[in-house]
Amino acid sequence: MFQVKADVISKEEISPGVFNLTLISPEISRSARPGQFVHVLCGDQNDRFLLRRPFSIHRVVPGRAFEILFQVVGSGTDELSRVKIHDALDVIGPLGNGFKYSPEIKSALLLAGGLGVAPLLFLAEELTENHVMFYAMLGAKTKTELLRYIDFKRLAKKTFAATEDGSFGHDGTVVALLNRTVHQLRPQVIYACGPEKMLQKISETAEDFGIDCQVSVEAKMACGIGACLGCTYATKRGFRLTCKDGPVFNGRDIMWGGSDVEQLPLDGYDYETAEITDSD
Amino acid sequence: MSVNLSVTLAGIKLKNPVMPASGTFGAGREFSEFFDVGRLGAIVAKTVTLKPREGNMPPRICETTSGMLNSIGLQNEGLEYFLKHDLPYMRKFKIPIIVNIAGNTLEEYAQICRDLKGIEGVSAIELNISCPNIKAGGIAFGASSRLAEQVTAAARYNTDLPLIVKLTPNVYNISKIARAVVSAGADAVSLINTLVGMSIDINTFKPQLANYTGGLSGPAIKPVAVRMVWEVAQTVNVPIIGIGGIMTAEDAIEFFLAGATAVAIGTANFINPTAMIDIINGIERFLSERGLTDIRQLVGKVRL
Ligand SMILES: Cc1cc2nc3c(=O)[nH]c(=O)nc-3n(C[C@H](O)[C@H](O)[C@H](O)COP(=O)(O)OP(=O)(O)OC[C@H]3O[C@@H](n4cnc5c(N)ncnc54)[C@H](O)[C@@H]3O)c2cc1C
Ligand SMILES: Cc1cc2nc3c(=O)[nH]c(=O)nc-3n(C[C@H](O)[C@H](O)[C@H](O)COP(=O)(O)O)c2cc1C
Ligand code: FES
């Protein structure tokens, strides 16, 4: 991982409130793997004291630059949307464990909900380079919110789209589309990114069909490098750090809804200490 | 003109007065990718407990105005693992190692102190006394001067290592607690730990943390921390490690003026992994710009 001051060389609002930034960093672009992320100080002053914000690496310009794709949802992303070309952003990366794939894979399916296209476009480009055949399925609420459709169409064997209002492609959710088509496509592996509920349903379908399923999840982060233990995700093998062990996990391992406090035994302060005699 | 940044703290010599705050630096592995950890005055390990602890349920952190809340819940692999894996790693940096410990009973604190006896590389023990004493109805050791005194005495009885006691700010009168731990044998005190806080998501009506409440850290707590360091400096004559919201060298200078001999940096490490190096360089610059030659010329020099 590197800490760099990365110059912004392009900025584009590809859809209302959704921005694509290209940042110069030979170091990060050389070592980045699909599914990894960068931890960004939003704005060049940070005088309001904001923690860094994590963003997937959306694409790399080999050996030179990388891109992020983000939606304005709050103060950090709002600040980030105001950067100007030639501003420099303080970026740490590449971070985390990305998607696993091997050139032996016969067919893959990339499934994105909304901004979930962010890490998957990088993966699509890598798979193409490695001659791995894949399908893509993109979902959004409306046609305007459907992102990167043309890019996936260029790379994938077949690209499906689903919109919840039926304004483009299949009418309904991408999960419904998956359930209707999975037995025909029969991918060996599914790669997915999007809202947690969507990832849960995709993982369940994948498990039903015995398909390997890798999902990229989100958690609030402070350090982004594995030091603060703040970004834990509940898995069937115990707590894992989203920033260091993830953000890509096997769908089968995740305790879906594990962050609902009632579902797991609370491991609070009164830990295995009852019998020890106190010298009090 | 060269500037002397070295200080002596509880009998340990530090080449400069800047160290990480426990729990924000792990064992230094991640940060060693960003800078030479050996440049720090000391390394303070994450709180270790006798047995492994899984920590609290997620979500564990949330950002607040000029600060953050955390409810990590002292997640750690336990003392045995620490001694086998983390301590040997930290020894590589060749700087003093301060081991921060916690327990839920006096006996646990005492046991860890005994287990640290004669272990190579441990320069001092820091007691995290912000944990609830389960035998005293869950009230934090650090919240009562009687409990604080007892836990310090239990540790003191079981170790010859320099003993630092880390005070919690969630008390009415921190000077009283400081006096109690010093009378029980603390060689130094560090303050402050986090302030208990809460944040609620107004869209879902749910608390932001699964644990409902958490510890507030970052710039938001700095004025509270400076005040407490200043008060404690009036009360006891042991060295103080000032902690709380230090982001820059200027922030650190405030703590020295209030009476701290050294400072520890927490949340700032998350925003800028090289923050501590910038702070060391900044302190040096601050002194030389003013024709000062020794960091000790600042300690406690607030003009009232
Ligand atoms: C590994 C990882 C990769 C990510 N990649 C991308 C990406 O490529 N593009 C992108 O647009 N976003 C991505 N995100 C989410 C992005 O980090 C958040 O949108 C951002 O931190 C919000 O910051 P803010 O200050 O604008 O919003 P805040 O003011 O912090 O929050 C505004 C709203 O967004 C919600 N929110 C904030 N952070 C998250 C989060 N991490 N997950 C879910 N909801 C959140 C809050 O609950 C709140 O309702 C990623 C997150 C992670 C963990
Ligand atoms: C994520 C996080 C974890 C922490 N873990 C510990 C810990 O294990 N032991 C401890 O004594 N203090 C712990 N603290 C408290 C810090 O050491 C420090 O006292 C506090 O954060 C105030 O300093 P700051 O404002 O510079 O962060 C933690 C703080 C944070 C933010
Ligand atoms: S964000 Fe700090 S450990 Fe993951």
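Not measured: the values here are computed from a predicted model.

Engineer: Sorry, what's going on with the confidence of the model for chain B here?
Structural biologist: Any region with low pLDDT has predicted coordinates that should not be read closely. Taken over all residues, the pLDDT of chain B has a mean of 95, while the share at 70 or more is 100%. Across the interfaces of the predicted complex, the ipTM metric reaches 0.94, alongside a pTM of 0.93.

Engineer: Can you help me understand the packing of aromatic side chains in this one?
Structural biologist: Each aromatic ring pair is described using two quantities: the centre-to-centre distance and the angle formed by the ring planes. Residue and element names in this part refer to chain A. One pass over the structure, following the stated rule, counts nine aromatic pairs over all chains. With centroids separated by 5.6 Å and ring planes inclined at 55°, the aromatic side chains of Phe-55 and Phe-70 adopt a geometry described as tilted. Within this pair, whereas Phe-55 is found in strand β4 (residues 53–56), its partner Phe-70 is found in strand β6 (residues 65–71), the two being separated by 15 residues in sequence. The exposure class assigned to Phe-55 is buried, which follows from its relative accessible area of 10%.

Engineer: How should helix α3 (residues 117–129) of chain A be read in this particular structure?
Structural biologist: Note that an α-helix has 3.6 residues per turn; residues three or four places apart therefore point the same way. Residue and element names in this part refer to chain A. Helix length check: α3, at 13 residues, gives a terminal C-alpha distance of 18 Å against a target of 18 Å (1.5 Å per residue), a fit within 8%. Among the 13 residues of α3, 10 are classified as buried, and the element is accordingly described as predominantly covered. Of all the positions in α3, only Val-117, Ala-118, Pro-119, Leu-120, Leu-121, Phe-122, Leu-123, Ala-124, Glu-126 and Leu-127 are classed as buried. Positive backbone phi, approximately 60°, marks His-131, located one or two places after α3.

Engineer: Would you take a moment to explain the side chain of Asn193(B) for this structure?
Structural biologist: Residues and elements named next belong to chain B. On the secondary structure map, Asn-193 appears in the loop between β10 (188–191) and β11 (195–198). Judged by relative accessible area, Asn-193 falls into the buried class, the value being 14%. Of note is the side chain of Asn-193, whose polar atom sits 3.5 Å from the side chain of Asn-128.

Engineer: Is there a simple way to think about the sheet that holds strand β8 (residues 124–128) of chain B in this case?
Structural biologist: Within a sheet, each strand pairs with its neighbour through backbone hydrogen bonds, oriented either parallel or antiparallel. Residues and elements named next belong to chain B. Here eight strands make up an open sheet; going across it, the order is β3-β16-β15-β10-β9-β8-β7-β4 and the pairing parallel. Edge strands, defined here as strands with exactly one partner in the open sheet, are β3 (18–20) and β4 (43–44). Strand direction decides the pairing type here: β8 and strand β9 (residues 163–166), joined by four bridges, are parallel. If you follow Ile-125 over to β9, its bridge partner there is Leu-163. Sitting on the sheet, helix α3 (residues 145–158) touches β8 and β9, and the angle it makes with β9 is about 160°.

Engineer: Help me understand the nonpolar core in this model?
Structural biologist: Soluble globular proteins tend to pack their nonpolar side chains together in the buried interior. The biggest cluster of nonpolar side chains holds 128 residues, and the ones touching the most others in it are Ile101(B), Leu167(B), Leu191(B) and Ile283(B). Looking at which element gives the most residues to this core, the answer is helix α8 (residues 275–289) of chain B, with eight residues. Other than its neighbours up to four places away in sequence, Leu167(B) contacts Ile129(B), Ile174(B), Ile177(B), Ala178(B), Val181(B), Val189(B), Ser190(B), Leu191(B), Ile192(B) and Asn193(B). Within the second largest apolar cluster, 30 residues are counted, among which are Val18(A), Ala112(A), Leu127(A) and Ala136(A).

Scoring rules and cut-offs
- Residues numbered from 1 in each chain as written.
- Chains lettered and ligands numbered in written order.
- Predicted model: local features only at pLDDT ≥ 70, side-chain atom pairs only at ≥ 80, totals over all residues.
- Heavy atoms only, no water.
- pLDDT = per-residue confidence, 0-100.
- Phe/Tyr/Trp six-rings, centres within 6.5 Å; stacked < 30°, edge-to-face > 60°.
- Helix = DSSP H or I, 4+ residues; strand = E, 2+ residues; numbered from the N terminus.
- Buried < 20%, exposed > 50% of the residue type's maximum accessible area, 1.4 Å probe, protein only.
- Expected span 1.5 Å × (residues − 1).
- Polar contact = N/O pair within 3.5 Å; in protein donor to acceptor, adjacent residues only side chain to side chain.
- Pairing = 2+ DSSP bridges.
- Contact = heavy atoms within 4.5 Å.
- Axes fitted to C-alpha atoms, helices over the stretch in contact; angles between N-to-C directions.
- Core = buried A, V, L, I, M, F, W, Y, C linked by side-chain atoms within 4.5 Å.

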